[in-house]
Amino acid sequence: MAAPAGRDGSPVRPAYSRVRTGSPPTAVPRVAVVGANGHGRWHRRVVAPLHAAGRLRLVALVDVRPVEDDPAAPVPDGTLVCTDHREMLRTARPDVVVVCTPPHTHLPIALDVLAAGADLLLEKPPVLSTAEHRELAATLAATGRACQVGFQALGSAALAELIEAVRAGRLGTVTGIATVAAWQRPDAYYARAPWAGRRTLHGRPVLDGALANPLAHAVMQCLAVAEAAGDGPVEPARIEVERYRVRPIEVDDTATLRVLSRSGPPIVAAVTLAGEDFVAGEVIVTGTAGRAVLEYPTDRLLLPGDADPHEVPGRRGLLENLLDHRADPAVPLIAPLARTAGFTAVLEAVTAAPVPTPLGGDLVTATGDGPGRVLTVRGINRLLRRAADEGALLSELALPWAVTPHRTNLTGGEEPQRTATQPPA
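Keep in mind the model is a prediction, meaning the values are calculated, not measured. (Residues numbered from 1 in each chain as written. Predicted model: local features only at pLDDT ≥ 70, side-chain atom pairs only at ≥ 80, totals over all residues. Heavy atoms only, no water.)

## Topic: the pairing of strand β2 (residues 57–62)
Next, step 1: Among the six residues that make up β2, five are buried, leaving the element largely enclosed by the rest of the structure.
Next, step 2: As paired strands, strand β1 (residues 30–34) and β2 are joined by five bridges and run parallel to one another. Its bridge partner being in β2, Arg 30 is matched across the sheet by Arg 57.
Next, step 3: Chirality of the crossover, the property in question, places the unit of β1, helix α2 (residues 40–52) and β2 among those that are right-handed.
Next, step 4: Of the strand pairs in this sheet, β2 and strand β3 (residues 80–82) are connected by three bridges, and their pairing is parallel. Residue pairing across strands places Val 62 opposite Cys 82, the latter belonging to β3. (Buried < 20%, exposed > 50% of the residue type's maximum accessible area, 1.4 Å probe, protein only. Helix = DSSP H or I, 4+ residues; strand = E, 2+ residues; numbered from the N terminus. Pairing = 2+ DSSP bridges. Right-handed = clockwise from strand over helix to strand, strands pointing away.)

Structure (structure tokens):
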């Protein structure tokens with residue numbers, strides 16, 4: 001079989017990539033973080049106690065800006081700090097690299113990491129297109145390396161309990177899965193980085209929108225439940241998306257999305273960053289025998305027969321899981337790249353959708369001023385809740401301001417089935 005081609009058409013180098021350039025398997029893994037500021041500080045706080053406990057050794061931090069101090073994540077003596085990940089790979093020779101850089105940089109950095117013989121913890125979204133996903137998957141197969149994707153909510157014990165309930169038939173046949181979330185983001189949120197609120201940067205897709213970035217975990221949770229309700233990872237047949245914005249940005253802050261697959265239940269996402277009241281994020285699973293609701297940020301779960309939601313404590317850390325997998329390949333990864341293929345297909349459809357429709361006038365209310373100014377859409381919480389309950393898009397709720405959805409058909413033949421998500425009577 002021919003070697004997989006790289007981004008420039010040249011073959012990848014599986015022979016070189018298979019060479020372990022860092023520590024032998026029995027040694028303490030050498031770990032580096034690329035993108036050490038911003039959200040990368042969260043990863044450093046995960047790394048710090050593992051370094052202190054001797055579970056790993058932090059050997060390098062990389063960022064294009066000076067690395068920020070963080071009392072919860074001190075930089076150990078001897079740690080390489082630099083601005084070039086290639087220099088880091090040559091000098092520090094890590095075994096595991098955490099990549100937490102803007103999404104449009106993920107693939108080239110990931111390919112460099114794999115070529116250097118290291119495993120990956122790649123922040124979500126892993127890549128920005130199905131073609132990039134396939135290229136990364138081919139390189140992983142050629143190099144024999146591992147890639148965990150940063151959907152940390154997949155390590156939730158509450159999600160595991162919900163998935164087990166679905167597989168055990170407690171909800172009957174699953175007829176629909178939905179997520180609803182209403183957050184608020186001030187003006188300062190869109191000034192946090194050069195790529196914030198952008199569709200492209202330097203000619204590369206960025207897509208810092210509600211669906212692709214802050215509420216991506218909600219979409220991924222839905223795909224994970226659909227995986228359990230069906231016959232494996234979701235393969236979307238049609239994706240429908242409507243995108244709206246309340247600011248002069250290039251991406252969505254309010255959106256509805258529907259994913260129809262050939263065999264699994266439909267998935268609807270109804271989300272906003274311009275909510276009237278805060279809704280942390282719910283994954284709603286409706287079946288012929290009942291309904292379940294998971295508040296995924298808090299791990300509170302309501303199953304059929306429960307009088308009230310109950311908290312299910314415990315989350316398995318993605319980095320620790322990757323270290324366990326390296327030590328014993330029989331330990332499965334929580335969020336392997338293959339599990340995220342459906343999300344990448346969704347992301348690609350969102351990327352291809354038209355520029356979000358602006359909302360304004362009496363529909364939008366401003367509160368506060370300066371960087372703390374918040375914009376809200378009148379009635380949006382009620383509308384998103386209704387969309388999730390009915391398995392509908394905003395345009396199907398007879399709203400005068402809603403637009404026709406952008407539809408992406410991924411397979412030919414018979415139309416995928418759409419089933420209402422209303423709970424059973």
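We are not done yet, so read on.
## Topic: the packing of aromatic side chains
Next, step 1: What the rule picks out here adds up to three aromatic pairs.
Next, step 2: Geometrically, the ring pair formed by Tyr 189 and Tyr 190 is edge-to-face, given 5.0 Å between the ring centres and 90° between the ring planes. Neither Tyr 189 nor Tyr 190 differs from the other in exposure class; each is buried.
Next, step 3: Judged by centre distance (5.3 Å) and plane angle (85°), the rings of Tyr 244 and Trp 401 are edge-to-face. (Phe/Tyr/Trp six-rings, centres within 6.5 Å; stacked < 30°, edge-to-face > 60°.)

## Describing the confidence of the model for the protein
Do not read the fine detail of predicted coordinates wherever pLDDT is low.
Next, step 1: For the protein, the average pLDDT comes to 90, and 91% of its residues sit at 70 or higher.
Next, step 2: Contacts for the low-pLDDT stretch residues 1–21, under 50 throughout, to residues beyond four places or in other chains number 46 contacts.
Next, step 3: Confidence drops under a pLDDT of 50 for residues 419–425, and excluding neighbours within four residues, the segment shows 21 contacts in the predicted structure. (pLDDT = per-residue confidence, 0-100. Contact = heavy atoms within 4.5 Å.)

## Topic: the sheet that holds strand β6 (residues 147–149)
Next, step 1: A sheet is described by the order of its strands in space; here six strands give the open sequence β3-β2-β1-β4-β5-β6, paired in parallel fashion. In this open sheet, the two strands that pair with only one neighbour each are β3 and β6. Averaged over all pairs of adjacent strands, the angle between their axes in this sheet comes to 15°, without regard to strand direction.
Next, step 2: Two strands pair when backbone bridges link them, and strand β4 (residues 96–99) and strand β5 (residues 119–122) are joined in this way by four bridges, in the parallel orientation. In the strand pairing of β5, Val 97 is matched with Leu 120.
Next, step 3: Helix α8 (residues 318–327) contacts β4, β5 and β6 of the sheet and is inclined by roughly 160° relative to β5. (Axes fitted to C-alpha atoms, helices over the stretch in contact; angles between N-to-C directions.)

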